[in-house]
Amino acid sequence: MDIFNTDEKSKISRKPRYAITSSVQTASFTAMAVMLGYSIQKHNDLKAMDAELVLLVREGGDGVTADNKTRLEKAGWKVRVAEELHFDGVDNDQIRAHHRHNLNKLHLWSWTEYEKILFIDADVVCKGSLADLWEMPGDFAAAPDVWWNILTDNRFNSGVIVFRPSIETFHDMIPKVSDPRYHSPNDADQAFLNAYYRFRYFGLPYKYNYNLVMYQFHRDVWDMLWDEAILIHFTMRKPKSDPTQHCHKGCNEWEPLEWYGQYFREMLAFYGWEKELPVYA
């Protein structure tokens, strides 16, 4: 005879070993996070991986709404609300609008109930297995950034990172965000993390952060590596809900965006949301 009821069992059950995380700090990224969650689960058996999807969100103002959270949860995300982090000497209003809340990502280092955390930006979509990422050595791993004139950068892109959470590291980071040697007000999280982990990060293959910059400026490499790419990062141009802003043939990134749109339609059909959400492309 069971001595615990179902509710009690759920409370005492062991947490997964790993967390696959993302962040929605403004409500406009909700649909992309839904798409990310769908694509991860399509290609990965989370139970076998001993992982769960956990989403860091911000409420209030232009943050997520109750309806947003409900939809995200239906798509498989465990939603965790966190307060805006504040740093001495850092004026968030001086940070570029689309990066303004990215420093809230540092909350994740305090999630020490997980052995490792994989963070993926919401403007990413998955098309393969993530299992090998848990085998990365060291405390922090990321893939090289890519620019129009630089294909191989010694700096990383913080849109996909794997790390070991540590409360000690979290408390060490917070004052350093205010240190001008580490952080400039307009730089948000990426420049800070590059400074913090300089000389100490493990480099991931490009396939784990397949930057849209390559499509326009390094097309030969994009085409060569596409079949093995796993996480496609829509950096230069985000998928849009407004059909008049969709990227079709003739637009610089039309092929990847049309691929995203087809994938998005698949997701809507899977959840039965064709009449509830517009197609992003």
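Heads up: these notes are all about the structure in this document. Note that residues are indexed from 1 along each chain, following the sequence as it is written. Only residues with pLDDT of at least 70 get local features here, since the model is predicted, and only at 80 or more are side-chain atom pairs given and counted; chain-wide, interface and lining totals rely on the full set of residues. Side-chain measures were taken over the full set of non-hydrogen atoms in the model, leaving aside hydrogen atoms and water.

With that settled, the discussion passes to the environment of phenylalanine 156. Under the scheme used here, helices are H or I runs from DSSP no shorter than 4 residues and strands are E runs no shorter than 2 residues, and both carry numbers assigned from the N terminus. Its location among the elements puts phenylalanine 156 in strand β7 (residues 156–163). The sequence separation of phenylalanine 156 and alanine 143 amounts to 13 residues, and the corresponding C-alpha distance is 5.5 Å.

To continue, consider the packing of aromatic side chains. Pairing of aromatic rings covers Phe, Tyr and the six-membered ring of Trp, with a centre-to-centre limit of 6.5 Å; geometry is then stacked below 30 degrees between planes, edge-to-face above 60, and tilted otherwise. In this structure the tally under the stated criterion is 22 aromatic pairs. Ring centres 4.3 Å apart and planes at 5° place the aromatic pair tyrosine 18 and tryptophan 134 in the stacked group. You can see tyrosine 18 sitting in strand β1 (residues 18–24) and its partner tryptophan 134 sitting in the loop between β5 (124–126) and β6 (140–144), a full 116 residues away along the chain. The pair tyrosine 18 / tryptophan 134 is uniform in exposure class, with both members buried. The interplanar angle of 85° and the centroid separation of 5.0 Å between the aromatic rings of phenylalanine 270 and tyrosine 271 together place this pair among those described as edge-to-face. The rule is simple: take the accessible area with a 1.4 Å probe, protein chains only, and divide by the maximum for that residue type; under 20% is buried, over 50% is exposed, in between is partly exposed. Judged by relative accessible area, which is 56%, phenylalanine 270 ranks as exposed. What makes tyrosine 271 partly exposed here is its relative accessible area of 21%. Within the aromatic cluster, the residues linked to one another by ring pairs are Tyr38, Tyr210, Tyr215, Trp222, Trp226, Trp259, Tyr263, Phe270, Tyr271 and Trp273. Sitting over a ring, as applied to charges here, requires NZ of Lys or CZ of Arg to be within 6 Å of the ring centre and within 35 degrees of the ring normal. For the cation-ring pair, lysine 127 lies above tryptophan 226, with the distance from its terminal atom to the ring centre recorded as 4.6 Å.

This brings us to the pattern of salt bridges. Only one rule defines a salt bridge in this text: a Lys or Arg side-chain nitrogen within 4 Å of an Asp or Glu carboxyl oxygen. Throughout the structure, instances matching the rule amount to 17 salt bridges. Among the ionic pairs, glutamate 59 bridges to lysine 69, the shortest N-O distance being 2.4 Å. Taken together, the positions of glutamate 59 in the loop between β2 (51–57) and α4 (66–74) and lysine 69 in helix α4 put the pair 10 residues apart, joining distant regions of the chain. Across the pair aspartate 172 and lysine 176 runs a salt bridge whose closest N-O atoms are separated by 2.9 Å. Taken together, the residues aspartate 172 and lysine 176, both in helix α5 (residues 167–177) and four residues apart, mark about one turn of the helix. Judged by relative accessible area, which is 31%, aspartate 172 ranks as partly exposed. We classify lysine 176 as partly exposed; its relative accessible area is 22%. One network of salt bridges, in which partners are shared, links Lys15, Glu52 and Lys78.

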